[in-house]
Amino acid sequence: MLINCTAYQHGRKLADLPVEDISDYLQQPDTFVWVALKDATPGELAVMKEEFGLHELAVEDANHGHQRPKVEEYDDELFAVMHLVEEREGSLEVGEVHVFVGPNYILSVRNNSNRDFLGVRARCEREPKMLAKGSGYVFYALMDAVVDRYFPLIEKLETEVETLEERIFTKGAARSNIRRLYRLKRKVTLLKHAVLPLMEAAGKLHSGRVPEVCAKSRHYFRDVTTTSPASTRRSTASATPSARRSRWTCRWSPSTRPRSASASRPGRASSPWRRPSPASGA
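Note that this is a predicted model, so its numbers are computed, not measured.

1. A look at a positive patch on the surface
In step 1: Among the surface-exposed residues, R175, R179, R183 and R186 lie close enough to one another that they form a single positively charged patch.
In step 2: Here R183 lies in helix 8 (residues 174-202).

2. Notes on helix 9 (residues 218-226)
One turn of an α-helix holds 3.6 residues; hence residues three or four places apart share an orientation.
In step 1: Residues of helix 9 that are buried include every one of F221, D223, V224 and T225, and no others.
In step 2: Contacts from the buried residues of helix 9 go to helix 6 (135-148) and helix 8.

3. Structural notes on the nonpolar core
In step 1: If you look at the biggest cluster of nonpolar residues, it comprises 51 residues, and the most contacted ones within it are V99, I106, F139, M143 and Y150.
In step 2: Residues contacting I106, with those up to four places away along its chain left out, are F32, V33, W34, V35, V99, F100, V101, S135, V138, F139 and L142.
In step 3: If you look at the next biggest cluster of nonpolar residues, it comprises 26 residues, including C5, V33, A58 and L107.

4. Quick notes on the pairing of strand 5 (residues 77-88)
In step 1: Counting buried residues in strand 5 gives 10 out of 12 residues, a clear majority hidden from the surface.
In step 2: Pairing of strand 4 (residues 70-74) with strand 5 involves 5 bridges; the strand directions are antiparallel. Residue pairing across strands places Y74 opposite E77, the latter belonging to strand 5.
In step 3: Two successive antiparallel strands, strand 4 and strand 5, enclose a turn made up of 2 residues, where D75 displays a positive phi of approximately 55 degrees.
In step 4: By the bridge criterion, 11 bridges tie strand 5 to strand 6 (residues 91-102) in an arrangement that is antiparallel. Across the sheet, the residue bridging to A80 is V99, located in strand 6.
In step 5: With antiparallel pairing between neighbouring strands as the criterion, strand 5 and strand 6 make up a hairpin whose turn holds 2 residues, including E89 at a positive phi of roughly 55 degrees.

5. Let's talk about the side chain of R110
In step 1: In this structure, R110 sits in strand 7 (residues 105-111).
In step 2: A polar contact is formed between the side chain of R110 and the backbone oxygen of S113, at a distance of 2.8 Å.
In step 3: Within the structure, R110 has its side chain in polar contact with the backbone oxygen of R115 (distance 3.4 Å).
In step 4: Leaving out residues up to four positions away in the same chain, R110 has contacts with L37, K38, D39, L84, E96, V97, R115, D116 and F117.

6. Remarks on the sheet that holds strand 6
In step 1: Sheet architecture is open: 7 strands sit in the order 2-1-3-7-6-5-4, paired in mixed fashion. The open sheet is flanked by strand 2 (12-16) and strand 4, the only strands paired with a single partner. Each strand axis lies, on average, 20 degrees off the axis of its neighbour in the sheet, ignoring direction.
In step 2: Sheet strands in contact with helix 4 (residues 118-125) are strand 1 (2-9), strand 2 and strand 3 (31-38), and its direction is about 15 degrees off that of strand 1.

7. Here's the deal with the packing of helix 2 (residues 42-52) against helix 3 (residues 56-64)
In step 1: Running from amino to carboxyl end, helix 2 crosses helix 3 at an angle of 160 degrees, the nearest separation of the two axes being 10 Å. If you check the angle between helix 2 and helix 3, you find them roughly antiparallel. Our pair here, helix 2 against helix 3, has a crossing hand that is right-handed. Counting all contacts with helix 2, which are made through P42, L45 and K49, the residues of helix 3 involved are E56, V59, A62 and N63.

8. Structural notes on the confidence of the model for the protein
In step 1: A residue-level look at the protein finds 80% of positions with pLDDT of 70 or above and a mean pLDDT of 82.
In step 2: Counted against residues more than four places away or in other chains, residues 232-282, with its pLDDT under 50, gives 98 contacts.

9. Focus on the packing of aromatic side chains
Two numbers describe a pair of aromatic rings. These are the distance of the centres and the angle of the planes.
In step 1: Counting across every chain of the model gives 9 aromatic pairs.
In step 2: Seen in terms of ring centroids, Y137 and Y220 are 5.6 Å apart; in terms of plane orientation they differ by 90 degrees. Their pairing is edge-to-face. Of this pair, Y137 sits in helix 6 while Y220 sits in helix 9, and the two are 83 residues apart along the sequence.
In step 3: Judged by its relative accessible area of 8%, Y137 is buried.
In step 4: Given the relative accessible area of 28%, Y220 is considered partly exposed.
In step 5: Across the ring face of W34, the terminal group of R121 is positioned such that the distance to the ring centre comes to 4.0 Å.

Reading the values: the criteria
Residues numbered from 1 in each chain as written. Predicted model: local features only at pLDDT ≥ 70, side-chain atom pairs only at ≥ 80, totals over all residues. Heavy atoms only, no water. Patch = residues over 30% accessible without salt bridge, like charges linked within 9 Å, V, L, I, M, F, W, Y side chains within 5 Å. Areas by Shrake-Rupley, 256 points an atom, 1.4 Å probe, with all protein chains shown as cover. Salt bridge = Lys/Arg side-chain N within 4 Å of Asp/Glu carboxyl O. Lys, Arg positive; Asp, Glu negative; His and termini not counted. Charge placed at Lys NZ, Arg CZ, Asp CG, Glu CD. Helix = DSSP H or I, 4+ residues; strand = E, 2+ residues; numbered from the N terminus. Buried < 20%, exposed > 50% of the residue type's maximum accessible area, 1.4 Å probe, protein only. Contact = heavy atoms within 4.5 Å. Core = buried A, V, L, I, M, F, W, Y, C linked by side-chain atoms within 4.5 Å. Pairing = 2+ DSSP bridges. Polar contact = N/O pair within 3.5 Å; in protein donor to acceptor, adjacent residues only side chain to side chain. Axes fitted to C-alpha atoms, helices over the stretch in contact; angles between N-to-C directions. Parallel < 35°, antiparallel > 145°, perpendicular 65-115°, else oblique. Left-handed = near helix turned anticlockwise from the far one by under 90°. pLDDT = per-residue confidence, 0-100. Phe/Tyr/Trp six-rings, centres within 6.5 Å; stacked < 30°, edge-to-face > 60°. Lys NZ or Arg CZ within 6 Å of the ring centre and 35° of its normal.

Here's what the structure looks like:
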């Protein structure tokens, strides 16, 4: 289903347009087209492939779904997969957003998720100077929004861990505590599978040979990785979406894996995320 199809020129909205006019606007200088789809059908993706000239392997991945978070490069085009984690009736559900990025276009395809990205578009349109950086900046804004949504879930998991710690030795509650512990472990694992591969992939967008489409926004992608759940928190005083995140630190960053289960105290539920200690200068 088509959500938006809009052309931008010099960082300002040029026009909402029908899909069949996309290729015409792509010919205009300093212009890019931003399209958003929800639960796209193979037919809709085939139309987008024709209009944007998308790589067939990327389109095939988008059609199949159930992809690991990743960023892949096809000539001057990028294809990214990000997991959208939402809580529904006490359990975590995983959707996906597939993003196709080219020099003069960006296409996002949201699947199995109730939360849209209309707020991202509105914020970008309020900052024409940033939007003038092109499709690479929009890609950053979408990734930043995805990562930003992990933090409330992480905060809730931390609360669940603390509650479990308080009652772990309650007499007669061992069986129910074990069940809660395993449910919590499943949630933690699901979040790890969403966060860690994405952070590793995002590293390609700000260090080393950065894809040309992201070159003007490489420093913003560094901001995503340094303020992610897999790294340290930053001050919430800034107005940027990244800086408004909750103040948490993840133990399981790619460079800091848990060594073994024996490292935790016996009988004590170990939290995967922790607050920075005062001694750390937080």
